[in-house]
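A structural walkthrough
Listed below are the residues making up each chain.
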Amino acid sequence: MSQAPVAPRPKKRSKPEAGFSRREEARFQDVRIFLVERKMGRSRRSFLTQLARSKGFIVEDILSDAVTHVVSENSQSSSLWAWLKGFSLSDPSTVNVVDISWFTDSMREGRPVAVETRHLIQDILPEAPKAAPVNKVSQYACQRRTTTENYNKIFTDAFEVLAENYEFNDIEGRCLAFRRAASVLKSLPSAVQCVEATQDLPCLGEHTKAVMKEILQYGRSFEVEKILSDLRCQTLKLFTSVFGVGPKTAEKWYRRGLRSFSDVLAEPSIHLNRMQQSGFLHYGDISRAVSKAEAQAVGNIIDEAVHVITPNAILALTGGFRRGKDFGHDVDFIVTTPELGQEESLLIDVIDYLKKQGLLLFTDHQASTFDISKLPSHKFEAMDHFAKCFLILRLESSQVEGGLQRSEGDSRNWRAVRVDLVSPPMDRYAFTQLGWTGSRMFERDLRRFARLERQMLLDNHALYDKTKKEFLTATTEKDIFDHLGLEYIEPWQRNA
Ligand code: UTP
Ligand code: MG
């Protein structure tokens, strides 16, 4: 739930990885790809170019004799060949002219796959369904690469409404089913154009497909519209949007006949806890998304505080902003120290420092309950045992590059921002970073994969091999992926 306190992921001192900014070294020298912009569109071409380069493929900007694979999308072979003739290639017959399915297969495999008949451009009949077969998508989010680019938002938004409604009604299984389905669709490289195109996709049941069908046919889902217009659902959504108010409290208030914030605030028998009081006090600000520039400014503030206190402290961005999101509900950071044990007092000192600067509007510090002798934990707990704090920070407009985005009529030169800090011992850093980077679905499937496919237990503290009866050590996230026998997935590919 977005209102639940979530520790912010620390920023690394380096810039947060955003988008496909990193170009991997070219790994496959024998393959040179050219993406045809016609039909594909410029922005998609540029997205796919960056995706491929990030995986070590060479993508040429210009079609020349050096190109080995010409990739096009939705093209008819006759018109494509006619177009190719316009380039004076010395021997066009030596070039592989392939459909986007070859490209997506290669991206999925992480290497150029052999060209098969199904990859060749077919002449599409005008009435033929546009669906490119999307097979071999893993049921585990940790085996899919999911960027922030969501081509199926129209469906995933609807699934999110349904999932939340099941959550409000305590029907966990169905809630999860819709979240899983949304997660699969988010990983696809293009929009689903017809329900038939989903037949090889995992995690899509009859109900999800029926919703998709309706959306494809009418542009909306009647079930979703009904939920959105339902008074109970609207009220629970409103109440849970307050910091510190979870579904249980929201339900309790609803059952007492409360329907609005003023109802809640005017009810004398309701005692708001400190978090909820701050939630109402700063509601306008903290219910508004935090931008990347604002997150960057928060990072500068935390960076100063942490390093004034402990010059060799380690600060890293985590959470949604580390995954390259443009907006978030909070900013998450990990802070720790190279010396084991020194991290214990770090958060308290950081809080003190920020308080003295007049920057703290709310603090909830939770001391560490981490006890290595209690590992491995067989039951996953939503919150880990590391020291953490949930903060509301005052951010001045002057600290933000380009200034704050103000809502109309707001003449203040500051805003409140939710910030979470978590402080694990250094030897737990990789597990914490992996656990806090999210997304929640990605984390959930990492744990499920570890348990079901590898007989291992993973959480934010450790990785335990049940077969060998031993803990596996890790200093980087990559070590953990390696132990699990998983291909490394970059943070910006974990937006499952
Ligand atoms: P957030 O709720 O901050 O989500 O949790 P987010 O992905 O950054 O997206 P925004 O903030 O809504 O934009 C970040 C991650 O931290 C984990 C959560 O499971 C999530 O994956 N987390 C949070 C923990 O592992 N332990 C905690 O105690 C709190
Ligand atoms: Mg976050």
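Residues numbered from 1 in each chain as written. Chains lettered and ligands numbered in written order. Predicted model: local features only at pLDDT ≥ 70, side-chain atom pairs only at ≥ 80, totals over all residues. Heavy atoms only, no water.

Let's talk about the overall build of the protein chain
A count of helices and strands for the protein chain gives 18 helices and 15 strands. For the protein chain, the C-alpha radius of gyration of 25 Å lies close to 23 Å, the compact-globule estimate for 496 residues. Along the first, second and third principal axes, the C-alpha atoms of the protein chain reach 75 × 55 × 55 Å. By the burial criterion, 52% of the 496 residues in the protein chain qualify as buried. Expressed as a percentage of contacts within the protein chain between residues at least 6 apart in sequence, the contacts between residues at least 24 apart total 72%. For the protein chain, the computed accessible surface area is about 23600 Å², with 50% contributed by carbon and sulfur atoms. (Helix = DSSP H or I, 4+ residues; strand = E, 2+ residues; numbered from the N terminus. Rg over C-alpha atoms; globule rule 2.2 N^0.38 Å. Buried < 20%, exposed > 50% of the residue type's maximum accessible area, 1.4 Å probe, protein only. Contact = heavy atoms within 4.5 Å. Areas by Shrake-Rupley, 256 points an atom, 1.4 Å probe, with all protein chains shown as cover.)

Digging into unusual backbone geometry
That bond from Leu375 to Pro376 is cis: its omega, -5°, falls within 30 degrees of zero. Within the secondary structure, Pro376 is located in the loop between β10 (360-366) and β11 (387-396). Here the amide bond leading from Gly438 into Ser439 is cis, since omega sits at -5°, within 30 degrees of zero. Residue placement: Ser439 occurs in the loop between α16 (429-437) and α17 (440-454). Phi angles above zero are rare outside glycine, and Gln455 is one such case at about 55°. Examined against the element boundaries, Gln455 turns out to sit in the loop between α17 and β13 (456-458). The partly exposed category is assigned to Gln455, whose relative accessible area is 39%.

Observations concerning the packing of aromatic side chains
For the structure shown, the criterion picks out 15 aromatic pairs. Pairing Tyr140 with Phe449 gives two aromatic rings, centres 5.1 Å apart and planes at 90°, and the pair type is edge-to-face. Taken together, the residues span a long stretch of sequence, with Tyr140 in the loop between α3 (100-109) and α4 (153-168) and Phe449 in helix α17 at a distance of 309 residues. In this pair, the class of Tyr140 matches that of Phe449, namely buried. Taking 4.8 Å as the distance between ring centres and 80° as the angle between the ring planes, the aromatic pair formed by Phe261 and Tyr283 counts as edge-to-face. Remark: Tyr283 occurs in helix α12 (residues 283-286) and Phe261 occurs in helix α10 (residues 261-266); sequence separation between them is 22 residues. Judged on exposure class, the residue Phe261 and its partner Tyr283 are both buried. Grouped by ring-pair contacts, the aromatic residues Phe239, Trp253, Phe261, Phe280 and Tyr283 constitute a single cluster. Between the NZ or CZ atom of Arg412 and the centre of the ring of Trp414, over which it lies, the distance is 4.7 Å. (Phe/Tyr/Trp six-rings, centres within 6.5 Å; stacked < 30°, edge-to-face > 60°. Lys NZ or Arg CZ within 6 Å of the ring centre and 35° of its normal.)

Section: the UniProt feature "domain: BRCT" (unreviewed entry) in the protein chain
Taken from the UniProt record, the annotation "domain: BRCT" (unreviewed entry) applies to residues 23-120. Secondary structure across residues 23-120 divides into 33% helix and 15% strand, with the first and last C-alpha atoms of the span separated by 28 Å. (UniProt positions renumbered as here; feature names shortened; annotations may be inferred.)

Here's the deal with the UniProt feature "binding site: Mg(2+)" (unreviewed entry) in the protein chain
With numbering matched to this structure, UniProt assigns "binding site: Mg(2+)" (unreviewed entry) to Asp330, Asp332 and Asp420. For the annotated residues, spread through 91 residues, the largest C-alpha to C-alpha distance comes to 7.2 Å, consistent with a single compact locus. Within the element layout of this structure, Asp332 appears in strand β9 (residues 331-336). Taking relative accessible area as the criterion, Asp332 reaches 6% and is therefore assigned buried. When you line up the elements, Asp420 lands in strand β12 (residues 414-423).

Considerations on the side chain of Glu60
Tracing the chain through its elements places Glu60 in strand β3 (residues 58-60). Of note is the side chain of Glu60, whose polar atom sits 2.9 Å from the side chain of Arg32. Residue contacts for Glu60: discarding those within four places in its chain leaves Arg32, Ile33, Phe34, Arg45, Ala66 and Val67. (Polar contact = N/O pair within 3.5 Å; in protein donor to acceptor, adjacent residues only side chain to side chain.)

Section: helix α1 (residues 42-54)
Residues spaced three or four apart along an α-helix face the same direction, because each turn holds 3.6 residues. End to end, α1 covers 18 Å across 13 residues, agreeing with the expected 18 Å (1.5 Å per residue, within 8%). Among the structural elements, β2 (32-35), β3 and α3 are those in contact with the buried residues of α1. Looking at the residues trailing α1, positive phi occurs at Gly56, about 90°. (Expected span 1.5 Å × (residues − 1).)

Overview of the pattern of salt bridges
This model, assessed by the stated rule, comprises 31 salt bridges. Between Glu73 and Arg44 there is a salt bridge, and its shortest N-O distance comes to 2.8 Å. Of the two residues, Glu73 is situated in the loop between β4 (69-72) and α2 (77-85) and Arg44 in helix α1; the sequence distance between them amounts to 29 residues. This pair shows no difference in class: Glu73 is buried, exactly as Arg44 is. The salt bridge partner of Lys136 is Glu109, with a shortest N-O separation of 3.6 Å. One end of the pair, Lys136, is in the loop between α3 and α4; the other, Glu109, is in helix α3, and 27 residues separate them in sequence. What makes Glu109 partly exposed here is its relative accessible area of 31%. Taken together, the shared-partner salt bridges in this structure form one network comprising Asp285, Arg288, Asp410 and Arg412. (Salt bridge = Lys/Arg side-chain N within 4 Å of Asp/Glu carboxyl O.)

Digging into the pairing of strand β7 (residues 314-318)
In terms of burial, β7 is largely enclosed, as 4 of its 5 residues are buried. Inspection of the sheet shows β7 paired to β9 by 5 bridges, in the antiparallel sense. If you follow Leu317 over to β9, its bridge partner there is Phe333. (Pairing = 2+ DSSP bridges.)

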